[in-house]
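# Structural overview for review
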Amino acid sequence: MADPRSDNVGARKWTPARYRALLRAQGPKSVRFRTRLAILIGAVAVGLAASAFAQAADLAGEIFGHFAARWHWAPLVVTPLLFAALVWITRRFVPLARGSGIPQVMAAQADPDHATQGLVSMRTVIGKAGLTLAAVLGGASVGREGPTVQIAAAIMGLTHRILGVPLRGAVLIAGGAAGVAAAFNTPLAGLLFAIEELASAYEQKVTLLVIAAIAIAGMIAQSVQGDYVYFGLIGAHMPIVTALVAAPLAGIVGGLAGGGFARLMLMMATGTNRVTMWSKQRPILFAALCGAIVAGLGVGTGLTWGTGYGAARAMIVGVDAPLWFGPAKFLATLATAVAGLPGGIFAPSLAVGAGVGNLLRSVFPDSPASAIVILGMVGYFAGVVRAPLTAVIILSETTASRGLMLPMFATAFIADGVSQLVCREKLYHGLSRTFAIRPAEQARDVQKDQHAG
């Protein structure tokens, strides 16, 4: 005989009151539904924005290439002046747009709502995009990936504000990770970058949010740009006997060089030495001097302009390159990064890493050139950003060299350890402190809002 109480329970589940309660909890007007909608719309927008920004950056690079080829000596004047102008504009109108963009997203997690008014506001990222493209037009050694992370986080923040749902730091992580995935067409690298770098304390409940944003943004970017591999289908591999020697050497050399770059960057950003203090007192003049260094290297070599993508890809496929390319690109990227104008270091760092691998080719003349160059890229990139898993996956996905995974992991972890001996603090973490919102500044903002009200 059936229990009458079970029928009553079943009846209560479908009463109009319970149905209305279910609609309030999960219906179109509920916070849960609007949050999911904000993430969906934001991820689609990130994919479209990343694709448009990538195409614009590539076009800007081509325009500068034609300009430098036609008027060989002109960049000696144009590039320093442009550096000075971009730094003046950045400091005057969008000071939070300077540099990579990744440190801003890391700093924004502490107070996401406040960050949408500054660190990841639409005003900041619009200025960031425009000024980064202008830097590419001037031959600066900058990449678009870091700015894409800041742009993506701002888009996620905007969709949440429009739909009136609470904004968490996890949303900014998801946006930034989706930006990396869409910029390189590397979904796994985006996920690992979120875990290793963007999130200082990664929450398990954030995982699905990040994966969903990465998948959607990646699919949108792929539908616009096509299904491509960033550096092409290289498929590099290496005999295990050679790898036992090449991987540790690439890790040591890459870790020393990458750690040195990170240390010099942090010294110029947060140090108290004479050079740093002078650069902060005369930022426009310092930017012009940095532009002169970049222009001198570019005119003298013809290879260090822009992201260095072309040179890096040529070395990966086995084209002989001058041994001085790596050191020259290192200096051009450092001069650009410390100048104070907007722009990332991801792509230029991969180019420097290719130069490091090119130097190691002479040590292993009988080994596959592509494999040695890729190990150099992994070692240097891991040394700079201190994110070994991201370094391995990003090179695996951008070259389709999954057969080189074990040597790449060995190289990356060795480089991470060596880099830590040279520079104890992680680069992006150290730079994020320069964007941290101080309590006094928050109090002033609150007083301004109250006064305005």
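Scroll up to find the structure.
This one's a predicted model, so the numbers in the text were calculated from it and none came from an experiment. Every chain is numbered independently, its residues counted from 1 as its sequence is written. It should be noted that, the model being predicted, local features are given only for residues of pLDDT at least 70 and side-chain atom pairs only at 80 or more, the latter also being counted only at that level, while totals for whole chains, interfaces and linings use all residues. Just so you know, side-chain values use all the structure's heavy atoms and leave hydrogens and water out.

### Topic: the overall build of the protein chain
Secondary structure summary: the protein chain contains 22 helices and 0 strands in total. Split into buried and exposed, the 453 residues of the protein chain put 53% on the buried side. Think of it this way: any DSSP run of H or I at least four residues long counts as a helix, any run of E at least two long counts as a strand, and we number them from the N terminus. Relative accessibility decides the category of a residue: with a 1.4 Å probe and only protein chains considered, values under 20% of the type maximum give buried, values over 50% give exposed, and everything between is partly exposed.

### Here's the deal with the packing of helix α19 (residues 388–399) against helix α20 (residues 405–422)
Axis lines are fitted through C-alpha atoms, for helices just across the contact stretch, and the angle between N-to-C directions can take any value from 0 to 180 degrees. The N-to-C vectors of α19 and α20 enclose an angle of 145 degrees; their axes lie 9 Å apart at closest approach. In the packing of α19 onto α20, the handedness of the crossing is right-handed. In this structure, α19 uses Pro388, Leu389, Val392, Ile393, Leu395 and Ser396 to contact α20, whose residues at the interface are Met405, Met408, Phe409, Ala412, Phe413 and Asp416. Throughout this entry, Asp, Glu, Lys and Arg are counted as charged residues, while Ala, Val, Leu, Ile, Met, Phe, Trp, Tyr, Cys and Pro are counted as nonpolar. The remaining residues, Gly among them, count as polar. Broken down by class, the residue content of the contact of α19 with α20 amounts to 10 nonpolar, 1 polar and 1 charged. When the near helix sits turned anticlockwise from the far one by under a right angle, the crossing is termed left-handed; a clockwise turn instead gives a right-handed crossing. Contacts are assigned to residue pairs with any non-hydrogen atoms lying within 4.5 Å of each other.

### Digging into the pattern of salt bridges
Counted as salt bridges are all cases of a side-chain nitrogen of Lys or Arg within 4 Å of a carboxyl oxygen of Asp or Glu. This structure, assessed with the given rule, holds 3 salt bridges. Between Arg361 and Asp320 there is a salt bridge, and its shortest N-O distance comes to 3.1 Å. Highlighted residues: Arg361 in the loop between α17 (346–360) and α18 (369–385) and Asp320 in the loop between α15 (309–316) and α16 (325–339), separated in sequence by 41 residues. The exposure class of Arg361 is buried, given its relative accessible area of 17%. Note that Arg433 and Glu425 form a salt bridge whose closest N and O atoms lie 2.9 Å from each other. A relative accessible area of 45% places Arg433 in the partly exposed class.

### Let's talk about unusual backbone geometry
Phi is positive for Arg386, which is not a glycine, with a value near 55 degrees. The topology assignment puts Arg386 in the loop between α18 and α19. Judged by relative accessible area, which is 9%, Arg386 ranks as buried. One non-glycine residue, Ala400, lies in the positive phi region at around 55 degrees. Mapping Ala400 onto the fold places it in the loop between α19 and α20.

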